[in-house]
Protein chains: 2
Amino acid sequence: MMKKRIGLTVAYDGTHYCGWQVQDNGTTIQGELNRCLEELLGQPIETMGASRTDAGVHALGNVAVFDTDSRIPPEKFSYALNQRLPEDIRIQSSQEVTPDFHPRYCESEKTYEYRILNRRFSLPTERLYSYFYHYPLDVEKMREAASYVIGRHDFASFCGAGAQVKSTVRLVTGFSVEREGEMIYLRVSGRGFLYHMVRIFAGTLIEVGNGIYPPEHMQEILDAKERGAAGPTAPACGLTLLGIEFLES
Amino acid sequence: MMKKRIGLTVAYDGTHYCGWQVQDNGTTIQGELNRCLEELLGQPIETMGASRTDAGVHALGNVAVFDTDSRIPPEKFSYALNQRLPEDIRIQSSQEVTPDFHPRYCESEKTYEYRILNRRFSLPTERLYSYFYHYPLDVEKMREAASYVIGRHDFASFCGAGAQVKSTVRLVTGFSVEREGEMIYLRVSGRGFLYHMVRIFAGTLIEVGNGIYPPEHMQEILDAKERGAAGPTAPACGLTLLGIEFLES
């Protein structure tokens, strides 16, 4: 029987997971998906994900695919999986995709949001999905700083240690900084991201917003091409993968 | 030494608590507050709260008071307590109040928000602070239904079983129903609420929004003066006590 490739849009609360990718010690999103698919289909299934988000990072729209010869209609997998998945993972849609579609190797644009709760005291009901930062932040300066990284640049300074990549050149297509009340939203879109890149953007913009260095210093950080030049890696809980747009498939 | 009365504004994520009020079996917000105050002051302290929220209900601004002869400046208690409290409880402010101020017996207006996530599939990152409801809801009808309970009424139909009150007459001063994207926000203000009253409002408005009965049926529910006439009690996770305004103190 012909195998079909099924694509899933996956939302999750990353708080209690060791990230996306299956690993030996610890529960992962991919591991839970594989487990529920095996339960449903009666055979081992290995999903392939678009973004291997880190421990504690959330998603509204990560994408995964798997192959099956099951007769379950493609759009029904969302319902069948949601009945089996833990409540902090929910499939948002399922559909058949072309057999050669691989969400990691297809050209795509990802959009991430980093949320900073900027007020005097932490708010318990926001703590899991934002990073609490006490000192007042200047959003205008952060916005100006963000403008320096838009475009095609060598982002070596914004690449976490331990990454194994051929090139650290990436294209950032958009970066907005907005404040709504006490929450600051950083939204970054780009064609692929380096390890920890958005969290280092966030940690660096916080230093700009706090006046540690001026927005123009972003250019020097880019030019330095070494991790030590940028700010710290902001905590995982503030980061959410909003969605992925595939440019060819 | 003269005792001072200190007022605290308390925010919490109620997910992991058996509600506000101290009880023998289970961790409560008041219990954690009392424990941290005892740790800080070296003597047993009993706080008095404005609203004894149920298990699973959240708050941005519940209010509690306690008496102490400590020399800690009143406004410093927020910092000192936040260092000791678990991360799902945070004092938002502390200040001296008059010795006869009792947050439960002072005339006050409380504002609650009930959040309903109305979309096809649940969203993991919203699940702890909203009630997920799959079927499309008609917000216009819900708003019309809400208008029936504004004012001074006998709310016996909206009073949970097991409540011990002399009168079930209460004054609802405002009730708004707004949709922002996939989230519906019910905001209710009033001078005191009966047991489960806001959650029964929410459960009933959901039935109106779903077309089970028309908005005008709210009048019959009020007139019936019995719990069975109204809709179900909506789940605790959707409810947040936003704040309390004291009208005399």
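What counts, and at which threshold
- Residues numbered from 1 in each chain as written.
- Chains lettered and ligands numbered in written order.
- Predicted model: local features only at pLDDT ≥ 70, side-chain atom pairs only at ≥ 80, totals over all residues.
- Helix = DSSP H or I, 4+ residues; strand = E, 2+ residues; numbered from the N terminus.
- Rg over C-alpha atoms; globule rule 2.2 N^0.38 Å.
- Buried ≥ 20, exposed ≤ 12 C-beta atoms within 10 Å, placed from the backbone.
- Contact = placed C-beta atoms within 7 Å.
- Expected span 1.5 Å × (residues − 1).
- Domains from an automatic or database assignment.
- Nonpolar A, V, L, I, M, F, W, Y, C, P; charged D, E, K, R; others polar.
- Pairing = 2+ DSSP bridges.
- Arc of directions from axis to C-beta.

## Overview of the overall build of chain A
So, step 1. Within chain A, the regular secondary structure consists of five helices and 10 strands.
So, step 2. In terms of C-alpha radius of gyration, chain A reaches 19 Å, essentially the compact-globule figure of 18 Å for 249 residues.
So, step 3. Projecting the C-alpha coordinates of chain A onto the three principal axes gives extents of approximately 60 × 40 × 30 Å.
So, step 4. Taking all 249 residues of chain A together, the buried fraction comes to 42%.
So, step 5. Considering only residue pairs separated by 6 or more positions, chain A has 71% of its internal contacts joining residues 24 or more positions apart.

## Overview of helix H4 (residues 197–209) of chain B
All names here are of chain B.
So, step 1. When the terminal C-alpha atoms of H4 are compared, their 18 Å separation across 13 residues agrees well with the 18 Å that a helix rising 1.5 Å per residue should span.
So, step 2. Of the residues making up H4, those classed as buried are Met197, Val198, Arg199, Ile200, Phe201, Ala202, Gly203, Thr204, Leu205, Ile206, Val208 and Gly209.
So, step 3. Structurally, H4 contributes buried residues whose contacts are with strand E5 (108–118), strand E6 (131–133), helix H3 (139–147), strand E9 (183–191), helix H5 (217–224) and strand E10 (239–246).
So, step 4. Positive phi shows up at glycine 211, right after H4, with a value of about 85°.

## Some thoughts on the domain arrangement of chain A
Residues and elements named next belong to chain A.
So, step 1. What the domain assignment reports for chain A is domain 1 (4–97) and domain 2 (108–246).
So, step 2. Centre-to-centre, using C-alpha coordinates, domain 1 lies 27 Å away from domain 2.
So, step 3. Listed as interface residues are 14 residues of domain 1 and, on the opposing side, 12 residues of domain 2.
So, step 4. Grouping the constituent residues of the side of domain 1 that touches domain 2 by class yields six nonpolar, seven polar and one charged.

## Considering the pairing of strand E10 (residues 239–246) of chain A
Residue and element names in this part refer to chain A.
So, step 1. In this structure, strand E3 (residues 58–68) lies alongside E10, joined through two bridges in parallel fashion. By the bridge assignment for E10, alanine 59 is matched with leucine 241.
So, step 2. Strand direction decides the pairing type here: strand E5 (residues 108–118) and E10, joined by seven bridges, are antiparallel. Bridge pairing links threonine 111 to glycine 243 in E10.

## A closer look at the interface of chain A and chain B
So, step 1. Taken together, the contacts link 20 residues of chain A with 21 residues of chain B.
So, step 2. Every element with two or more residues in the side of chain A that touches chain B is listed here: strand E1 (4–12), helix H2 (77–82) and strand E4 (89–97) of chain A.
So, step 3. If one sorts the elements of the side of chain A that touches chain B by residue count, E4(A) sits on top with four residues.
So, step 4. Split into classes, the residues belonging to the side of chain A that touches chain B amount to eight nonpolar, seven polar and five charged.

## Points about helix H1 (residues 29–41) of chain B
Since the α-helix advances by 3.6 residues per turn, residues separated by three or four positions end up pointing in the same direction.
Residues and elements named next belong to chain B.
So, step 1. Between its first and last C-alpha, H1 extends 18 Å over 13 residues, near the 18 Å set by a 1.5 Å rise per residue.
So, step 2. Buried residues of H1: Ile29, Gln30, Glu32, Leu33, Cys36 and Leu37, and no others. Projected down its long axis, H1 shows its buried positions confined to an angular sector of 160°, all on one face.
So, step 3. The secondary structure elements touched by the buried residues of H1 are strand E1 (4–12), strand E2 (48–49), strand E3 (58–68), helix H2 (77–82) and strand E4 (89–97).

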